[in-house]
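Reading the structure
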Amino acid sequence: MSASSPFIPSLEHLTRQRGVLGSLIVSETDGIVIDAVVQATVKSPVVAALAASLYRRARQSAQAAGLGGVKYLELVADGGRLCMAGRDDLVVVLVTDTRVGVGLLRVELLRTAAELPE
Amino acid sequence: MSASDDIRRWSDELARNPASMVFLPLGEALRTRGQAGVALRVAMRGLERHPYDADAHDLLARIYVDRGEIEKALDEWDAAIRCTPEHAGALKGMGFVCFNQGRLADAERYLSEAAAATPEDEGLAIALRRVREELAPAPAPAPDPIVEKAASPTEIVANVAEGDTASDPRQLFADLIGVADQAALLLDEDGLVLAGQYVVAGGHDVGAEVGAALSGISDEARRAMRHLPLGDWRTIIFETQAATVVMAPAPRDGLALVAAAPEVPSGLVRRALESVSQRAKRWMERLS
């Protein structure tokens, strides 16, 4: 993570939201972490690889099904959520617990993704 | 000009002139951005100043639908229709909710009136046609050996009452999903369609293609969950340019999914999935 990264303020803002355990920007193509602001319990490389793979699969599946590009993806699990929004090869990923207010977070996530460089 | 710019401009206008009607586009923009709480405050303040404006009641109703407060939404649409009897948005909304509640005759009446007010709305025409098809008396189904052997007459009546037409699995969820551009499928572990259909414009069922393509997402989710400390996955929601799709695990590693047009409130899509999942579970239990 670079202290001068232009993404850090956005990621810090996202991670400050209630219930958010971490936010990352990952490369969809290879699943590597571009930037991350996460709590110590979140293993960034693992989350990045899995989230990128899931998002890529969803994008490919949606296109194969004739539904167009994926704008937002949310995986709801017993213990929390993975929320993702992408732009070109970059995907913003949030890891949350169950306390999260997902409506507001979705808006913040889409806004952050829209501000990613093309 | 971006949506954020519009919201800022309308907010400024409303601050300068609290009686301005810009609360309507402002509330709608906030609603579509998922800011239902703020949109609700804007709509209610607008209604305080314009209590007889049908559009204001319509806006508030759609916000209530987004929040899952269906009864309140119906009250607001009812108020809108009392203000402007031919208000297409309110009639359409009432029709949509009635259909979801299984009140087909009411749905047909509201949608007919909405279609008369907006004959150019093709989506509405499709929805109305579908409601009328469901209202039409169905031809006597072919004898179903499974039902004949296993179910008592009482059970058969119960099955028909809940739309569980075992003789045609494609219709299993027909009464559960909404009127316009919605689809529901039950897939097996290989992505093959067990029940439901996904009919697109032109009447073609693309369930097999869509099911095969989308089932791979659940495989990927299962894989991810093995490595993340989040427990089992319960739902996957994804929004595309053409649809909002919600999916959940079904018995025997299957998958239940509901797809809807992007303009359908996501809360309704999620609710439809709950109903579809429950029926799929019961149906598969009967098959086993």
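Calculation criteria
- Residues numbered from 1 in each chain as written.
- Chains lettered and ligands numbered in written order.
- Predicted model: local features only at pLDDT ≥ 70, side-chain atom pairs only at ≥ 80, totals over all residues.
- Axes fitted to C-alpha atoms, helices over the stretch in contact; angles between N-to-C directions.
- Helix = DSSP H or I, 4+ residues; strand = E, 2+ residues; numbered from the N terminus.
- Left-handed = near helix turned anticlockwise from the far one by under 90°.
- Contact = placed C-beta atoms within 7 Å.
- Nonpolar A, V, L, I, M, F, W, Y, C, P; charged D, E, K, R; others polar.
- Pairing = 2+ DSSP bridges.
- Core = buried A, V, L, I, M, F, W, Y, C linked by C-beta atoms within 7 Å.
- Buried ≥ 20, exposed ≤ 12 C-beta atoms within 10 Å, placed from the backbone.
- Domains from an automatic or database assignment.
- Expected span 1.5 Å × (residues − 1).

**Structural notes on the packing of helix H5 (residues 70-83) of chain B against helix H6 (residues 88-100) of chain B**
Residue and element names in this part refer to chain B. Axis separation between H5 and H6 bottoms out at 9 Å; the angle between their running directions is 145°. The interaxial crossing formed by H5 with H6 has left-handed handedness. Contacts between H5 and H6 involve Ile 70, Ala 73, Leu 74, Trp 77, Ala 80 and Ile 81 on the former and, on the latter, Ala 90, Leu 91, Gly 93, Met 94 and Val 97. Here the contact of H5 with H6 is built from residues that sort into 10 nonpolar, one polar and no charged.

**Some details on the sheet that holds strand E1 (residues 20-27) of chain A**
If you trace the 10 strands from one edge of the open sheet to the other, you get E2(A)-E1(A)-E5(A)-E4(A)-E3(A)-E3(B)-E4(B)-E5(B)-E1(B)-E2(B), paired in antiparallel fashion. The strands lining the two open edges of the sheet, one partner per strand, are strand E2 (33-38) of chain A together with strand E2 (193-197) of chain B. Strand-to-strand twist across the sheet, computed as the mean angle between neighbouring axes with direction ignored, equals 15°. Examined bridge by bridge, strand E1 (residues 182-187) of chain B and E2 of chain B share four bridges and lie antiparallel to one another. Counted as the bridge partner of Leu 186 of chain B is Ala 195 of chain B from E2 of chain B. Docked against the sheet, helix H2 (residues 44-64) of chain A engages E1, E2, strand E3 (70-77), strand E4 (80-87) and strand E5 (90-96) of chain A together with strand E3 (233-240) of chain B, running at close to 65° with respect to E1 of chain A.

**Here's the deal with the nonpolar core**
Ala 51, Met 84 and Val 93 of chain A together with Ala 256, Leu 257 and Val 258 of chain B are the most contacted members of the largest nonpolar core, which has 124 residues in total. With nine residues, H2 of chain A is the single largest residue contributor to this core. When residues of this core are sorted by domain, at least three fall in each of domain 1 (3-135) and domain 2 (148-287) of chain B. Not counting residues within four places of it along the chain, the set of residues in contact with Ala 256 of chain B comprises Leu 186, Met 247, Ala 248, Ala 250, Leu 273, Val 276, Ser 277 and Ala 280 of chain B.

**Side note on the pairing of E1 of chain B**
The element E1 of chain B is extensively covered by neighbouring structure, given that six of its six residues are classed as buried. The alternating pattern of E1 of chain B places Gln 182, Ala 184 and Leu 186 of chain B and Ala 183, Leu 185 and Leu 187 of chain B on opposite faces, both of which are buried.

**Some remarks on unusual backbone geometry**
For Asp 88 of chain A, which is not glycine, the phi dihedral falls at a positive 50°. With respect to the helices and strands, the residue Asp 88 of chain A is situated in the loop between E4 and E5. Backbone geometry places Asp 253 of chain B, a non-glycine residue, at a positive phi of 60°. Counting through the fold element by element, Asp 253 of chain B comes out in the loop between strand E4 (244-250) and strand E5 (254-260). Residue classification places Asp 253 of chain B among the partly exposed positions, given that 14 C-beta atoms sit within 10 Å.

**Focus: the interface of chain B and chain A**
Residue-level contacts link 32 residues of chain B with 28 residues of chain A. Those elements that provide at least two residues to the side of chain B that touches chain A are helix H11 (207-225) and E3 of chain B. When residues in the side of chain B that touches chain A are grouped by element, the largest group, 10 residues, is from H11 of chain B.

**Some words on H5 of chain B**
When the terminal C-alpha atoms of H5 of chain B are compared, their 20 Å separation across 14 residues agrees well with the 20 Å that a helix rising 1.5 Å per residue should span. Listed in full, the buried residues belonging to H5 of chain B are Ala 73, Glu 76, Trp 77, Ala 79, Ala 80 and Ile 81 of chain B.

**Considerations on the environment of Asp 232 of chain B**
Mapping Asp 232 of chain B onto the fold places it in the loop between H11 and E3. Spatially, the C-alpha atom of Asp 232 of chain B lies 7.7 Å from that of Arg 222 of chain B, the residues being 10 residues apart in sequence. When sequence neighbours within four positions are dropped, the list of residues in contact with Asp 232 of chain B reads Ala 77 and Asp 78 of chain A together with Met 225 of chain B.

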